[in-house]
Amino acid sequence: MTESSRKSAEQGSPRGERHRGAVTLRNRAIPNSTADQRLLDSRGRSDWKTKDAWRALRILSEFVEGFDTLADLPPAVSVFGSARSKPDSPECRLAEELGGALARAGYAVITGGGPGVMEAANRGAGEAGGLSVGLGIELPFEQGLNDWVDLAIDFRYFFARKTMFVKYAQAFVVLPGGFGTMDELFEALTLVQTGKVTRFPVVLMGADYWGGLLDWLRDRMAADGKIGSGDLDLICVTDDVNEAVRHIVEAEAVLSAEQEAVREEAVARVAADQRAAAEAAPDGPTGRR
């Protein structure tokens, strides 16, 4: 421990660094709560009239910054997993291999930008020559962005960050993780199930880790009719990186074909309507003057 670190510890000041856009906070300047926590704290209602208007502008700025920064991304895949996983863990090795395979298939890799599985996926993509994106979040235990992120955005609000994960991804790949990983998984499944987003693949990797959850979803949730029998088909489970990437590529091809068919049908319908209108007109081919 350096002399300055020792004195800081003795004085009881917070340590570390936190970023808020262009602002960097260190030591005593780091607040004890996050922007999300202050926004959702119902005990501060007396402050709402004076502070929430400014919060609304700050929230809007996060969406604008995210949309503007990510609008030119190539096709991308969001990869989720634990920040607590060790570099030599099976899930980190799998994430690194996955990141490389996705990059070679032409996809950017989007993660939360932190350590563990996220860093492994970013590293795999970076070493394969792909684009690594990190969407960081303000947390009480600041993690910082890993060194393999090429393009980074730091968010104050989880809901703004979540929008970016979904809006700019062609697929989700979910590796072993905790509450945050589960949150992203079930939000994605809910959005797909309810049609709030265009259908895209959700891949679970780490079959042993997810086995108990999948059994419960099938034997309890589906059996009790809380989800449809076909809802579990929204999930692809595999530990084979090539199979995961192939599933994503094929799903994108199917969706593109469906969208092209819809466009062709719309064009044909407009052309038919125009022909019918021309024939019905007084000066049309079959009309009378």
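The rules we used
- Residues numbered from 1 in each chain as written.
- Predicted model: local features only at pLDDT ≥ 70, side-chain atom pairs only at ≥ 80, totals over all residues.
- Heavy atoms only, no water.
- Helix = DSSP H or I, 4+ residues; strand = E, 2+ residues; numbered from the N terminus.
- Buried < 20%, exposed > 50% of the residue type's maximum accessible area, 1.4 Å probe, protein only.
- Contact = heavy atoms within 4.5 Å.
- Areas by Shrake-Rupley, 256 points an atom, 1.4 Å probe, with all protein chains shown as cover.
- Pairing = 2+ DSSP bridges.
- Right-handed = clockwise from strand over helix to strand, strands pointing away.
- Polar contact = N/O pair within 3.5 Å; in protein donor to acceptor, adjacent residues only side chain to side chain.
- Core = buried A, V, L, I, M, F, W, Y, C linked by side-chain atoms within 4.5 Å.
- Patch = residues over 30% accessible without salt bridge, like charges linked within 9 Å, V, L, I, M, F, W, Y side chains within 5 Å.
- Salt bridge = Lys/Arg side-chain N within 4 Å of Asp/Glu carboxyl O.
- Axes fitted to C-alpha atoms, helices over the stretch in contact; angles between N-to-C directions.
- Parallel < 35°, antiparallel > 145°, perpendicular 65-115°, else oblique.
- Left-handed = near helix turned anticlockwise from the far one by under 90°.
- Nonpolar A, V, L, I, M, F, W, Y, C, P; charged D, E, K, R; others polar.
- pLDDT = per-residue confidence, 0-100.

### Quick notes on the overall build of the protein chain
For step 1, the next point in the chain: Check the secondary structure of the protein chain and you find nine helices and nine strands.
For step 2, the next point in the chain: Looking at the protein chain as a whole, 38% of its 289 residues qualify as buried.
For step 3, the next point in the chain: Sequence separation of at least 24 residues holds for 67% of the intrachain contacts in the protein chain that already meet a minimum separation of 6.
For step 4, the next point in the chain: Carbon together with sulfur atoms contributes 52% to the accessible area of the protein chain, which is approximately 16,600 Å² in total.

### Some remarks on the pairing of strand β3 (residues 76-80)
For step 1, the next point in the chain: Most of β3 is tucked away: five of the five residues are buried.
For step 2, the next point in the chain: Alternating positions in β3 separate into two faces, A76, S78 and F80 on one and V77 and V79 on the other, with burial throughout.
For step 3, the next point in the chain: Across three bridges, β3 lies against strand β4 (residues 108-111) in parallel orientation. Residue A76 lies in a different strand from β4, and its bridge partner there is A108.
For step 4, the next point in the chain: Handedness of the crossover joining β3 and β4 through helix α4 (residues 90-104) is recorded here as right-handed.

### Points about the environment of T111
For step 1, the next point in the chain: The residue T111 is located in strand β4 in this model.
For step 2, the next point in the chain: Counting along the chain gives 24 residues from T111 to L135, while the straight-line C-alpha distance between them is 6.3 Å.
For step 3, the next point in the chain: In this view, T111 contacts V79, M118, A121, N122, V133, G134, L135 and F165; residues no more than four positions away in its chain are not counted.
For step 4, the next point in the chain: At 2.8 Å, the side chain of T111 forms a polar contact with the backbone nitrogen of G113.

### Side note on the nonpolar core
The tendency in soluble globular proteins is for nonpolar side chains to be buried side by side.
For step 1, the next point in the chain: Ranked by internal contacts, the top residues of the largest apolar core, which has 36 residues, are L70, I110, L135, F172 and L185.
For step 2, the next point in the chain: Counting residues in each nonpolar core, the second largest holds 25 residues, with A120, V203, M205 and C236 among its members.

### Let's talk about a nonpolar patch on the surface
For step 1, the next point in the chain: A cluster of nonpolar side chains, namely W54, L57, L60 and V64, defines an oily patch on the protein surface of about 450 Å² accessible area.
For step 2, the next point in the chain: Inspection of the secondary structure assignment puts L57 in helix α3 (residues 48-70).

### Notes on the side chain of K162
For step 1, the next point in the chain: Note on placement: K162 falls in helix α6 (residues 158-167).
For step 2, the next point in the chain: K162 has contacts with D183, E184 and E187, leaving out every residue within four places of it along the chain.

### Some points on the pattern of salt bridges
For step 1, the next point in the chain: For the structure on display, the rule yields seven salt bridges.
For step 2, the next point in the chain: The shortest N-O distance in the salt bridge between D183 and K162 comes to 2.5 Å. Taken together, the residues span a long stretch of sequence, with D183 in helix α7 (residues 179-193) and K162 in helix α6 at a distance of 21 residues.
For step 3, the next point in the chain: Bridged by salt links that share partners, the residues E96, R123 and E127 form one connected network.

### Structural notes on the packing of α7 against helix α8 (residues 207-222)
For step 1, the next point in the chain: Interhelical geometry of α7 versus α8 gives an angle of 40° and a closest axis separation of 14 Å. Accordingly, the angle class assigned to the pair α7 and α8 is oblique. Seen along the crossing, α7 lies across α8 with a hand that is right-handed. Contacts from T181, M182, L185 and F186 in α7 reach W210, L213 and L217 in α8.
For step 2, the next point in the chain: Looking at the contact of α7 with α8 residue by residue, the classes come out as six nonpolar, one polar and no charged.

### A look at the sheet that holds strand β8 (residues 202-204)
For step 1, the next point in the chain: Spatially, seven strands are ordered β6-β5-β4-β3-β7-β8-β9 in an open sheet, and the strand pairing comes out parallel. Where the open sheet ends on each side, the last strands, each with one partner, are β6 (151-155) and β9 (235-237). Pairs of neighbouring strands in the sheet enclose a mean axial angle of 20°, with direction left out of account.
For step 2, the next point in the chain: Packing against the sheet, helix α5 (residues 117-127) makes contact with β3, β4 and β5 (132-137), and its axis sits at approximately 165° to β4.
For step 3, the next point in the chain: Lying on the sheet, α8 is in contact with β7 (171-174), β8 and β9; it crosses β9 at an angle near 140°.

### A closer look at the confidence of the model for the protein chain
For step 1, the next point in the chain: Averaged over the protein chain, the pLDDT score is 84; the fraction of residues at 70 or greater is 78%.
For step 2, the next point in the chain: Here residues 1-14 scores under 50 on pLDDT; set against residues more than four positions off or in separate chains, the count is ten contacts.

### Digging into the packing of α4 against α5
For step 1, the next point in the chain: Contact geometry for α4 and α5: axes closest at 7 Å, N-to-C directions at 35°. Considering only the axes of α4 and α5, their crossing is right-handed. Taken together, the residues of α5 that come into contact with α4 (itself represented by E91, C92, A95, E96, G99, G100 and A103) are V117, A120, A121, R123, G124, A125 and E127.
For step 2, the next point in the chain: Taken together, the residues of the contact of α4 with α5 break down into seven nonpolar, three polar and four charged.

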